[in-house]
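If you want the building blocks of each chain, they are given just below.
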Amino acid sequence: MTEDSRAICFVVMGFGKKTDFESGRTIDLDATYEAIIEPAASKHNLRCIRADEIMHSGIIDTPMYEMLLQSDLVIADISTGNINAVYELGVRHALRPNCTIIMKERKGRLYFDLNHVNTFEYDHLGEDIGAREARRATRDLGVLIKEVMASGKTDSPVYTYLPRLMQPKLSEEEFSDLVDETEAAQERLSELMRKGEAAMKASNPEVAVNAFKAATHLKGPDPFIIQQLALATYKAKKPSPLAALIAGLQIINQLSPDMSNDPETLGITGAIYKRLWHLTSDRPQLDAAIRYYGRGFEVRRDYYNGENLALCYEFRQGLQTDPEEALYDRLSARKVRTALLETLSLLIETPSFDERADRRWVLATLANCAYALGKPQEGEQFEKRFLAEQPANWEIETYQESKTHVLSVSLPDAPDQP
């Protein structure tokens, strides 16, 4: 095996999709790494290693400290207020006087006393990064990398305010082996996640379950992988639909949904309870689905949770024996759908909408909201745009299930529109 003599760029950041609870937005940190950081570093012949890949069960141990000390460059993405990333950034600042870059998603706030430190910013569109922004950010980050590594200028607040402090030194012995092992683990984890996501897109959740299980064994109990494993597990319907739902619920319960404000965790939990109600006709399951979807919608007006919240209100409306309770559920569903239609109609008119990775789901939600509110022509237009995105079979089935229900529900106070 040929020795890789490239300088090391150690990337400190989270993994998968994380919610920034200050702004209420979900950020895909893998997209940040793959579309911005790794290309920018590679262009300058740097060997990229993600800090996240050498952490086991959240324990920061000797290899992490070695990487923070020995790496030629550290890039720390502190988006979503990731406490591990902020801590590791502090360790780097204590160990090395220079060659550290801080970055974050533009709408996220800075934490602790980092407001006085120069920070590279980029923009997300929904959960993803638009192609135009990815090109801009990659180019500008590349320029910054070149400047930082060439100047040798002190960028650590520790060494700025304690100029006589001496940087610690360690032998290079075994460091190259650590880098090789870390890079191999990173590539294996990325391969498993790509395999799982591709299987879900191809409507093959059984394959996805195996990939996400293997990723969990490699990475440890990461919230994003647990969410994807729970989703794939109940979608697989093995050994039976009911058993798969119970297994999915056991998996997502690792994230304590009763105390969570993560819209993804709440949405998956709500989906499981909604399907349990469909199978068992047990009213408490439907009430639980409304509770989880409701909180997921309230957290940041998440359209997935909102659409399903409206559906569940309408389901419960048909079960109510008290006319006032039935009216409450019907009007609650209408209120949620009206809010979604107004908000998402503005969103699809923005110049960056076509670059959003979730645009098919936005269009599906708009279609069902329009149908539910008595606007069939608008619904048909949104539906055509949704299908034009070539969604996976399971995505079409999910949409059709919602549409079938919507068309069966009578909303007499929602007049048809020409």
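Residues numbered from 1 in each chain as written. Predicted model: local features only at pLDDT ≥ 70, side-chain atom pairs only at ≥ 80, totals over all residues. Heavy atoms only, no water.

Once that is clear, we can look at the overall build of the protein chain. Check the secondary structure of the protein chain and you find 16 helices and seven strands. Relative to the compact-globule value of 22 Å for 418 residues, the protein chain shows a C-alpha radius of gyration of 24 Å, a close match. Projected onto its principal axes, the C-alpha coordinates of the protein chain cover approximately 75 × 45 × 35 Å. Counting every position in the protein chain, which comprises 418 residues, the buried fraction comes to 53%. With an accessible surface of roughly 20200 Å², the protein chain has 51% of that area assigned to carbon and sulfur atoms. Separation between the mean location of the 49 positive side-chain charges and that of the 64 negative ones in the protein chain comes to 3 Å. (Helix = DSSP H or I, 4+ residues; strand = E, 2+ residues; numbered from the N terminus. Rg over C-alpha atoms; globule rule 2.2 N^0.38 Å. Buried < 20%, exposed > 50% of the residue type's maximum accessible area, 1.4 Å probe, protein only. Areas by Shrake-Rupley, 256 points an atom, 1.4 Å probe, with all protein chains shown as cover. Lys, Arg positive; Asp, Glu negative; His and termini not counted. Charge placed at Lys NZ, Arg CZ, Asp CG, Glu CD.)

Counting 68 residues, the largest nonpolar core has Met193, Ile272 and Phe382 as its most contacted members. Not counting the four nearest positions on each side in its chain, Met193 is found in contact with Phe15, Phe212, Ala215, Phe224 and Ile225. Counting 26 residues, the second largest nonpolar core, distinct from the first, contains Tyr33, Cys48, Ile129 and Val148. (Core = buried A, V, L, I, M, F, W, Y, C linked by side-chain atoms within 4.5 Å. Contact = heavy atoms within 4.5 Å.)

This next bit is on the sheet that holds strand E7 (residues 119-122). Spatially, the five strands line up as an open sheet ordered E4-E1-E5-E6-E7, and their pairing is parallel. Every interior strand has two partners, whereas the edge strands, strand E4 (46-50) and E7, have only one. Between one strand axis and the next, the sheet turns through 25° on average, direction left out of account. Relative to strand E5 (residues 73-77), strand E1 (residues 7-12) runs parallel, the two being bridged by four bridges. Each bridged residue has a counterpart across the sheet, and for Cys9 the counterpart in E5 is Leu73. (Pairing = 2+ DSSP bridges. Axes fitted to C-alpha atoms, helices over the stretch in contact; angles between N-to-C directions.)

Moving on to the side chain of Lys235. Checked against the element boundaries, Lys235 lands in helix H8 (residues 223-236). Each residue touching Lys235, except ones within four places of it in the same chain, is listed here: Met200, Pro205, Arg275, Trp394 and Thr398.

Let us look at the state of the cysteines. Throughout the structure, instances matching the rule amount to zero disulfides. For the unlinked cysteine Cys48, the closest cysteine sulfur is that of Cys9, found at 4.1 Å. No disulfide involves Cys312; its sulfur sits 14 Å from the nearest other cysteine sulfur, which is in Cys369. (Disulfide = S-S within 2.5 Å.)

Now for the pairing of E5. By the criterion of burial, E5 is predominantly enclosed, with five of the five residues buried. Judged by which residues are buried, E5 turns out to be covered on both faces: Leu73, Ile75 and Asp77 on one side and Val74 and Ala76 on the other are all buried. In this fold, E5 hands off to helix H3 (residues 83-95), which returns the chain to strand E6 (residues 100-105); that crossover is right-handed. (Right-handed = clockwise from strand over helix to strand, strands pointing away.)

The next point concerns the packing of aromatic side chains. On inspection of all chains with the given rule, the structure shows eight aromatic pairs. Ring geometry for Tyr293 and Tyr304: centres 6.3 Å apart, planes at 70°, overall edge-to-face. Separated by eleven residues along the polypeptide, Tyr293 in helix H11 (residues 283-300) and Tyr304 in helix H12 (residues 303-317) bring together distant segments of the chain. Judged by its relative accessible area of 34%, Tyr304 falls in the partly exposed class. Of the aromatic side chains, those joined through ring pairs into one cluster are Trp361, Phe386, Trp394 and Tyr399. The ring of Tyr33 carries Arg50 above its face, with NZ or CZ at 4.8 Å from the centroid. (Phe/Tyr/Trp six-rings, centres within 6.5 Å; stacked < 30°, edge-to-face > 60°. Lys NZ or Arg CZ within 6 Å of the ring centre and 35° of its normal.)

Turning next to helix H15 (residues 376-388). With 13 residues, H15 should reach 18 Å at 1.5 Å per residue; the first-to-last C-alpha distance of 18 Å fits that figure. Inspection of H15 places Gly379, Phe382, Glu383 and Phe386 among the buried residues, and these make up the whole buried set. Taken around the axis of H15, the buried residues stretch over an arc of 105°, which confines them to a single face. Summarising the geometry of H15, the exposed residues directed more than 90 degrees from the buried face are Gln381, Lys384 and Ala388. Tucked inside the fold, the buried residues of H15 contact helix H13 (323-347), helix H14 (359-372) and helix H16 (393-408). Just downstream of H15, Gln390 is the residue with a positive phi angle, here 55°. (Expected span 1.5 Å × (residues − 1). Arc of directions from axis to C-beta.)

Close reading of the predicted structure is inappropriate where its pLDDT is low. Taken residue by residue, the protein chain gives an average pLDDT of 87. The fraction at 70 or more is 91%. Highest mean pLDDT in the protein chain belongs to helix H9 (residues 241-252) (98); lowest belongs to strand E2 (residues 17-20) (79). Of the regions scoring below 50 in pLDDT, residues 55-60 engages in eleven contacts with residues more than four places distant in sequence or in other chains. Note that residues 410-418 has pLDDT below 50 and, in this model, 19 contacts with residues that lie over four places away or in other chains. (pLDDT = per-residue confidence, 0-100.)

Take unusual backbone geometry next. In this structure, the amide linkage connecting Lys238 to the following residue, Pro239, adopts the cis form with an omega of 0°. Along the chain, the position of Pro239 falls in the loop between H8 and H9. Positive phi values are uncommon outside glycine, yet Ser256 reaches one of about 50°. Mapped onto the elements of the fold, Ser256 is located in the loop between H9 and helix H10 (263-280). What makes Ser256 partly exposed here is its relative accessible area of 31%. Of note in the backbone geometry, Gln390 takes a positive phi value of approximately 55° without being a glycine.

Pairs may arise between side chains of opposite charge once their charged atoms sit close together. Tallied over the entire structure, the rule returns 19 salt bridges. Arg136 serves as the salt-bridge partner of Glu133, at 2.6 Å between the closest nitrogen and oxygen. Here the residue Glu133 and the residue Arg136 both occupy positions in helix H4 (residues 131-151), the gap between them amounting to three residues, near one helical turn. Residue Glu133 is classed as buried on the basis of its relative accessible area, which comes to 14%. Its salt-bridge partner being Arg337, residue Glu314 comes within 3.1 Å of it at the nearest N-O pair. Placement of Glu314 in helix H12 and of Arg337 in helix H13 is noted, with a sequence separation of 23 residues between them. Both residues of the pair, Glu314 and Arg337, count as buried. When salt bridges that share partners are traced, they join Lys104, Arg106, Glu121 and Asp123 into one network. (Salt bridge = Lys/Arg side-chain N within 4 Å of Asp/Glu carboxyl O.)

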